[in-house]
Amino acid sequence: MSVIECNGLIKVYQNNRALNGISFTIEDNKITGLIGRNGAGKTTLLSIIAGLLTPSAGDVKVFSETPFNNLFVSANTIFIHDQMSLPASLSLTEILQVAGGFYQNWDAKLAQGLFQYFSFKPNDSYTSLSKGRKSTFNAILGLAAHCQLTIFDEPTTGMDATARQDFYRALLKDYLAFPRTIIVSTHHLNEMEDLLEDILLINNGRELLHMPAAELKEYAIGLQGPAALVGKWTEAKEVLYTKTLGFDSAYTVVKNDFTEAQFERLATEGLSISPVPLNDLCIYLTGSTKGGIDDVFNQA
């Protein structure tokens, strides 16, 4: 069953196209990572899915309904982001109580357990929290709501490494106990990749790739060795990234369409073959050059 269907979505702000005809579907009961550089259109896309914005063109369906101004979608969706505005007049405990009255699947036991684990004070106000502590409190809301569609947009902003690891662990354990459709937009893909089942990579408001994370891990390989030999093996390949190492060595990332026989020859000829971390691969796929920042200096 498709929880989200987007077809040709366009969103224009004045003269800027934040979304440029993006189309994709997301099935139920999966954790999908929404990946892209700053300005790729991630937050705009998530805001449209959550029903906070309308597209300029195209069509979006959530639970087979148009999400904007839709009570059913709102009641079954929670959108957690770092610009959330929560009532300053309520204490943290009161905010949890109000949330429990709105979300039908609210898990008060989980909310209280996480609240105590992260050492929040019941009478503190949301506005008194630091940026990282706000993100942690927001995450409690997102997890405890148990909404069929749960959206986290950069949920670990400001969190320290320990808090981020605790959040990832809590997300996984709660998802296994209560499966649902979860979308996570993150710049910490290297920390989250083992949680994600699918990756939706967008660039300049368009879908670049949408596939299972396990398949994306096999999408490309890195070759390292003598520059001339690396060049010979990659000249007919789709090069995603390349850099020189020392005087006569190179490292090149190419799309992985090698045969088993070719892999054996690569090893025989002395080239080093390595997997490409997902975070690095997404950076290479969305880069405007093949050599990254080094190209700026090479052209100077």
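Higher on the page you've got the structure.
Small disclaimer: the values here were computed from a predicted structure and weren't measured.

Participant: Would you mind showing me how to read the sheet that holds strand β5 (residues 77-81) here?
Facilitator: By definition, the strands of a sheet pair up through backbone hydrogen bonds, in either a parallel or an antiparallel sense. Taken in spatial order, the 6 strands line up as β5-β6-β7-β3-β8-β9 in an open sheet, and their pairing is mixed. In the strand order of this sheet, the two ends are held by β5 and β9 (206-212), each with one partner. Averaged over neighbouring strand pairs, the angle between their axes works out to 15° when direction is ignored. For strand β3 (residues 31-35) and strand β7 (residues 181-185), the ladder comprises 4 bridges, and the chain directions are parallel.

Participant: When you look at the nonpolar core in this model, what are you seeing that I'm missing?
Facilitator: A general tendency of soluble globular proteins is for nonpolar side chains to be buried together. Core analysis: the biggest nonpolar cluster contains 59 residues, and W106, F137, L141, L171, L216 and Y219 have the highest contact counts within it. Leaving out residues up to four positions away in the same chain, L216 has contacts with I199, L209, M211, L278, L281 and C282. By size, the runner-up hydrophobic cluster in this structure holds 25 residues, among which are V3, F24, F79 and I202.

Participant: Even after reading the chapter, I still don't get the environment of L200, so can you show me in this structure?
Facilitator: Considering the arrangement of structural elements, one finds L200 in strand β8 (residues 198-203). Exposure remark for L200: the relative accessible area of 2% places this residue in the buried category. Residues L200 and I35 lie 165 residues apart in sequence; the distance between their C-alpha atoms is 6.1 Å. Setting aside residues up to four positions removed in sequence, L200 forms contacts with F24, T32, G33, L34, I35, E207, L209 and H210.

Participant: I keep staring at the pairing of strand β10 (residues 220-226) and nothing clicks. Help me out?
Facilitator: With 5 of its 7 residues buried, β10 lies for the most part within the structure. Examined bridge by bridge, β10 and strand β12 (residues 249-255) share 7 bridges and lie antiparallel to one another. Bridge pairing in β12 places G225 opposite A250.

Participant: Help me out: how do you make sense of the packing of helix α4 (residues 108-117) against helix α5 (residues 131-144) in this one?
Facilitator: Two numbers describe a pair of packed helices, the interaxial angle and the distance between the axes. Between α4 and α5, the shortest axis-to-axis distance is 9 Å and the interhelical angle comes to 160°. Regarding the angle of α4 to α5, the classification is roughly antiparallel. For the element pair α4 and α5, the recorded crossing hand is right-handed. Along its contact with α4, which presents L110, A111, L114 and F115, the element α5 presents F137, I140, L143 and A144. Partitioned by chemical class, the residues of the contact of α4 with α5 number 8 nonpolar, no polar and no charged.

Definitions and cut-offs
Residues numbered from 1 in each chain as written. Predicted model: local features only at pLDDT ≥ 70, side-chain atom pairs only at ≥ 80, totals over all residues. Heavy atoms only, no water. Pairing = 2+ DSSP bridges. Helix = DSSP H or I, 4+ residues; strand = E, 2+ residues; numbered from the N terminus. Axes fitted to C-alpha atoms, helices over the stretch in contact; angles between N-to-C directions. Core = buried A, V, L, I, M, F, W, Y, C linked by side-chain atoms within 4.5 Å. Buried < 20%, exposed > 50% of the residue type's maximum accessible area, 1.4 Å probe, protein only. Contact = heavy atoms within 4.5 Å. Parallel < 35°, antiparallel > 145°, perpendicular 65-115°, else oblique. Left-handed = near helix turned anticlockwise from the far one by under 90°. Nonpolar A, V, L, I, M, F, W, Y, C, P; charged D, E, K, R; others polar.

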